[in-house]
Each structure stands twice: as C-alpha cells, then as structure tokens.
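# Residue-level structural notes
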Amino acid sequence: MIYYDSHVHTAFSTDSEAPMEQMVIQAIRTGLCGLTFTDHMDYHFPAEYSFDNSSDCPPFTFDLEKYLAQIEQMEQTYGAGLQLYRGAEIGLKPDAVEKNIELSRDKRLDYIIGSIHLVDDMDPYFPQYWEAFGEKNGITAYFEAALQNIQYTNSASACKNKTSDTFVRIDTFGHLDYIVRYAPSGCRFYSYRMYAELIDEILQIIVNRGICLEVNTSGYKNGGVMPNPNEDIIRRYRELGGEQITFGSDAHTPERIADRFSDAERIVRNAGFDHYTTFIGHKPTFHNFDN
C-alpha cells in the first residue's frame with residue numbers, strides 16, 4: 001500500500017482553485033499518513049498562459065511566506081491525523097536556473113520536484129504547441145528540453161553540504177513523459193522504444209546524481225491509460241540502477257488525492273521495486289509496500 005501522496009496542488013497554484021484545507025481533509029478520509037504540498041513555482045512562465053490569474057504573483061508562482069504560514073496552520077489543526085510536508089514543483093528552464101537555485105536552497109522546504117512544463121516557452125497543453133512542432137517532433141523536443149535542463153540539477157542530498165554551487169537542488173524528477181498527456185493522438189506517436197536514446201540519457205543522469213523518479217498518476221485522467229512515466233521507462237530506470245521511486249497524484253482537486261495509486265503500485269512492483277520513497281528535509285525515507 002502507498003500511504004503518502006508527494007505531489008498535490010492547491011489554490012496557491014495558478015491552475016488550481018482547491019482550498020488547502022479541503023485537500024487535507026480528503027487525504028485523511030483516504031487513509032493517507034502523509035501529504036506533501038507541491039504548488040507550482042515556474043519562474044518566468046509566459047504571461048499568455050496565465051489562466052486568468054487573479055493573484056498578485058506572476059503566473060505559476062506563489063507567495064512563499066503565505067504558503068508556509070498556511071501549511072503551519074493546517075498542521076496545527078490536522079497534524080494529529082496527517083503528516084504534512086512543505087514542497088514545491090519548480091519548472092526547469094534555462095532562464096530560471098538562478099531563481100530555482102535560490103528557492104531550492106530554502107531550508108524550510110522538505111521537497112523539490114523538478115519538472116518540464118515548457119519547450120521554447122511554449123506550453124504543450126495548448127494546440128499551438130503541436131501546430132508548431134507536429135507530434136513526433138513535439139515529443140522529441142520535449143525530451144531534448146528535459147535532457148538539457150537536467151544538466152543544471154543535482155540531488156538535494158548531494159548538495160546539502162555545499163554553500164555555493166551551480167546546481168538546482170531537486171529531490172525528484174517529475175512526470176518524465178508528461179508531454180504525452182497532451183499529444184493530439186495520444187500514444188500513437190509515442191513509446192519508450194521510439195525515444196529510447198534520449199530517455200536513457202535522462203535516466204542515467206537521474207541515477208548517477210541520486211535523483212528520485214516520480215510515478216505520477218495524473219496520466220490516468222480523462223481516460224488516460226498509463227502513469228507518467230510509463231511502465232517501460234520505470235522498468236528501464238530500474239535496469240540502469242535506479243533505486244528511488246516516489247508517488248504523486250498531481251491532484252489539483254480533492255477527489256484526485258492518491259488517485260490510481262494501486263495501479264501505479266502494481267506497475268512499480270512488476271518493475272522490481274519493493275519500496276518507495278518520501279522526503280523530510282530533503283532526506284529520503286523508505287517505505288516497504290507491504291507495511
């Protein structure tokens with residue numbers, strides 16, 4: 001069983017209206033032991049993708065002090081029934097490296113997910129991306145962007161004793177084949193084998209630098225048939241020596257907390273894992289599936 005959801009969003013994220021309290025209440029109802037808030041901090045996100053943002057902050061960023069204060073309030077109210085952790089999902093892109101480094105060093109955060117949401121400042125959520133690239137080239141461009149940007153990252157545990165470095169300190173690489181969620185033809189132009197050379201380079205860096213791989217179940221939304229990344233990538237990560245897997249629903253609404261975790265667990269077990277990972281103060285904690 002999986003008792004921790006390490007990727008959820010609240011109204012602090014531009015693309016969510018979910019009150020933090022409702023996410024906590026649903027997590028308790030679901031029987032979770034822990035929940036990590038990972039609201040979006042995508043610096044320099046193009047303003048045209050603001051989703052009618054009413055916040056005083058730029059699109060896909062939030063006020064860190066207010067965020068931490070609200071999590072503390074949730075702990076005071078619900079802490080007896082649920083462990084709450086402070087995290088952020090940062091958007092990896094070349095012009096955000098300095099700000100990402102600064103945020104990733106904030107010792108008040110337990111957990112950082114590094115994700116790719118943009119390619120050449122274009123968002124694959126919108127049709128314009130696919131009109132510009134086409135499907136096969138659009139997927140290739142996404143993995144190329146992932147490979148480019150992961151060069152700027154290292155595991156938070158590897159960086160913790162350094163006062164100055166050029167790496168963004170991340171704990172987990174998020175939803176590796178996220179791009180497929182929005183491909184117009186679904187998986188018609190996608191499989192691990194079609195992009196194996198690029199994906200293997202990304203996975204080898206993740207393994208070598210001790211970065212955890214996220215299994216994100218939002219790939220099942222809207223009739224989707226797989227988590228992100230898919231089973232072949234998870235299995236390949238294991239073959240390359242990967243040892244750390246974390247689970248996140250990527251929930252933006254309460255009803256998706258821990259959604260399809262049993263399906264994701266089955267896939268991960270079949271790939272050869274007997275445990276999963278959560279993070280407190282960027283330190284990994286390992287949980288056996290059978291406990």
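The preceding data block contains the structure.
The notes below deal with the structure included here. All figures in this text were calculated on a predicted structure; none of them were measured in a lab.

## Observations concerning unusual backbone geometry
Residue Pro229 follows Asn228 across a cis peptide bond; omega there is 0°. Structurally, Pro229 is set in the loop between strand S8 (212–216) and helix H8 (231–239). Residue Phe60 is not a glycine yet carries a positive backbone phi of 60°. With respect to the secondary-structure elements, Phe60 resides in the loop between strand S2 (34–41) and helix H2 (64–78). The class of Phe60 is buried, set by a relative accessible area of 5%. One non-glycine residue, Asp121, lies in positive phi territory at about 60°.

## Looking at the packing of aromatic side chains
In total, this model carries 20 aromatic pairs according to the counting rule given. Taking the centre distance of 5.3 Å and the plane angle of 75° together, the rings of Phe12 and Tyr67 count as edge-to-face. Highlighted residues: Phe12 in the loop between strand S1 (4–8) and helix H1 (20–30) and Tyr67 in helix H2, separated in sequence by 55 residues. The buried category is assigned to Tyr67, whose relative accessible area is 0%. When the ring of Tyr129 is compared with that of Phe133, the centres are 4.7 Å apart and the planes differ by 40°; the resulting orientation is tilted. Pair noted here: Tyr129 and Phe133 are both in helix H4 (residues 127–133), with a separation of four residues, about one helical turn.

## Comments concerning the sheet that holds strand S4 (residues 111–115)
Spatially, the seven strands line up as an open sheet ordered S1-S2-S3-S4-S7-S8-S9, and their pairing is parallel. Each having just a single partner strand, S1 and strand S9 (245–248) make up the two edges of the open sheet. Across the face of the sheet, H1 comes into contact with S1, S2 and strand S3 (83–91) while running at roughly 150° to S2.

The rules behind these values
- Residues numbered from 1 in each chain as written.
- Predicted model: local features only at pLDDT ≥ 70, side-chain atom pairs only at ≥ 80, totals over all residues.
- Heavy atoms only, no water.
- Helix = DSSP H or I, 4+ residues; strand = E, 2+ residues; numbered from the N terminus.
- Buried < 20%, exposed > 50% of the residue type's maximum accessible area, 1.4 Å probe, protein only.
- Phe/Tyr/Trp six-rings, centres within 6.5 Å; stacked < 30°, edge-to-face > 60°.
- Pairing = 2+ DSSP bridges.
- Contact = heavy atoms within 4.5 Å.
- Axes fitted to C-alpha atoms, helices over the stretch in contact; angles between N-to-C directions.

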